[in-house]
Amino acid sequence: MVRIIFKNDQLLFTAISMVLFMIGYSTTTSFGLYFFKYAYGDENMYSIFALVLGVSQIIALAVFPLFRKKFERKALYAGATAFVVAGYVIFFFSPMDMKFIGASGVLIFLGEAFIQLLMLMFLSDTIEYGQWKLGRRNDSVTLSLQPFINKMGNAIASGIVGVTVIISGISQATSAADVTEEGLLILKAAMLILPLLCILAGYLLYRIKYKIDSKLYSQILSDLQERGDIRLE
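To start, this report covers the structure provided alongside it. (Residues numbered from 1 in each chain as written. Predicted model: local features only at pLDDT ≥ 70, side-chain atom pairs only at ≥ 80, totals over all residues. Heavy atoms only, no water.)

**Remarks on the nonpolar core**
Rule in force here: Throughout this description, the term nonpolar core refers to a set of buried Ala, Val, Leu, Ile, Met, Phe, Trp, Tyr and Cys residues connected via side-chain atoms within 4.5 Å. Each residue's exposure class comes from its accessible area (1.4 Å probe, protein chains only) as a fraction of the maximum for that residue type: buried when under 20%, exposed when over 50%, partly exposed otherwise. Contacts are assigned to residue pairs that have any heavy atoms within 4.5 Å of one another.
Membership of the largest hydrophobic core comes to 65 residues, with the highest contact counts inside it found for Y77, F91 and I115. Excluding anything up to four places from it in sequence, Y77 contacts I115, L118, M119, F122, G202, Y203 and Y206.

**Thoughts on the packing of aromatic side chains**
Note the cut-off: Working definition: a ring pair exists when centres of Phe, Tyr or Trp rings (six-membered ring for Trp) sit within 6.5 Å. Plane angles under 30 degrees give stacked, over 60 give edge-to-face, the rest tilted. Only runs of H or I of at least four residues qualify as helices and only runs of E of at least two qualify as strands under DSSP, and these elements are numbered from the N terminus.
Counting across every chain of the model gives 21 aromatic pairs. Aromatic pair F21 and Y25: ring centres 6.0 Å apart, planes at 20 degrees, arrangement stacked. Of this pair, F21 and Y25 both sit in helix 2 (residues 9-30), four residues apart, roughly one helical turn. Taken individually, F21 and Y25 each receive the classification buried, so the pair is uniform in this respect. Centroid distance Y77 to Y203: 5.0 Å. Interplanar angle 80 degrees. Geometry classified as edge-to-face. Residue Y77 is found in helix 5 (residues 73-93), and its partner Y203 is found in helix 8 (residues 181-209); the two are separated by 126 residues along the sequence.

**A look at helix 2**
One turn of an α-helix holds 3.6 residues; hence residues three or four places apart share an orientation. The line we're drawing: An expected span of 1.5 Å times one less than the residue number is assigned to each helix.
Across its 22 residues, helix 2 extends 31 Å between first and last C-alpha, which sits within 8% of the 32 Å expected from 1.5 Å per residue. Among the 22 residues of helix 2, 18 are classified as buried, and the element is accordingly described as predominantly covered.

**Concerning unusual backbone geometry**
One non-glycine residue with positive phi stands out, namely N138, at about 55 degrees. Examined against the element boundaries, N138 turns out to sit in the loop between helix 6 (98-134) and helix 7 (139-168).

**Thoughts on the pattern of salt bridges**
Pairs can form between side chains of opposite charge once their charged atoms are near each other. As a reminder of what qualifies: Every case where a carboxyl oxygen of Asp or Glu lies within 4 Å of a side-chain nitrogen of Lys or Arg is listed as a salt bridge.
Inspection of every chain in the model, using the stated rule, returns five salt bridges. The closest approach of N and O atoms between D9 and K133, which form a salt bridge, is 3.0 Å. With D9 in helix 2 and K133 in helix 6, the pair connects residues that are 124 residues apart, well separated along the chain. What makes K133 partly exposed here is its relative accessible area of 43%. When the shortest N-O distance is used, the salt bridge between D139 and R137 registers 3.2 Å. Exposure remark for D139: the relative accessible area of 30% places this residue in the partly exposed category. Overall, the relative accessible area of 28% leaves R137 in the partly exposed class. It is possible to trace a salt-bridge network through shared partners that takes in E128, R137 and D139.

Shown next, in the form of structure tokens:
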């Protein structure tokens, strides 16, 4: 697996981008209950917030095909990242008011749902790229990366949450009143700023290193067909 990933440069850059995105995504979601219990002051609101975000992601999945027909992937990724950035900034500076927090959460998770779908498309395209460059498709190895990356992101996010809970003093708190202003700032920084930096790093890596656009992909398919490696219907 390691040999295949490092020989296929586009697969390598996609995998790193996915890891960075999943660390950011998983870190934010893992802090959800802590935020509503120790920052917002009402852990029961977490279920409402989760419902709003779930609906947002379902809507994003439903409308994605419509946007995909009208916009290039690069434009979609840029737009989705802009949504995520706006959502994180609004969330960080929001008062403890569900209207602001909910609106920022919708922006974040609409954008992140789009990014997740785009990442899968990028990953899939690296299969033909690998066949074009190396002479082998390696479908199973390439597609098995996605669940591996998800688990890696969740594991790292759990580590970040665990360290933050200790440093911020939340591990010894029983309610929001027991958390200091400094502890609250540490919580929000780990929940919002760090994930945003990870997601932006993944986006920048994609823009700088990922080169499979519609033109190159068409050329790859044409070359593979001429070589007899694939048959296009």
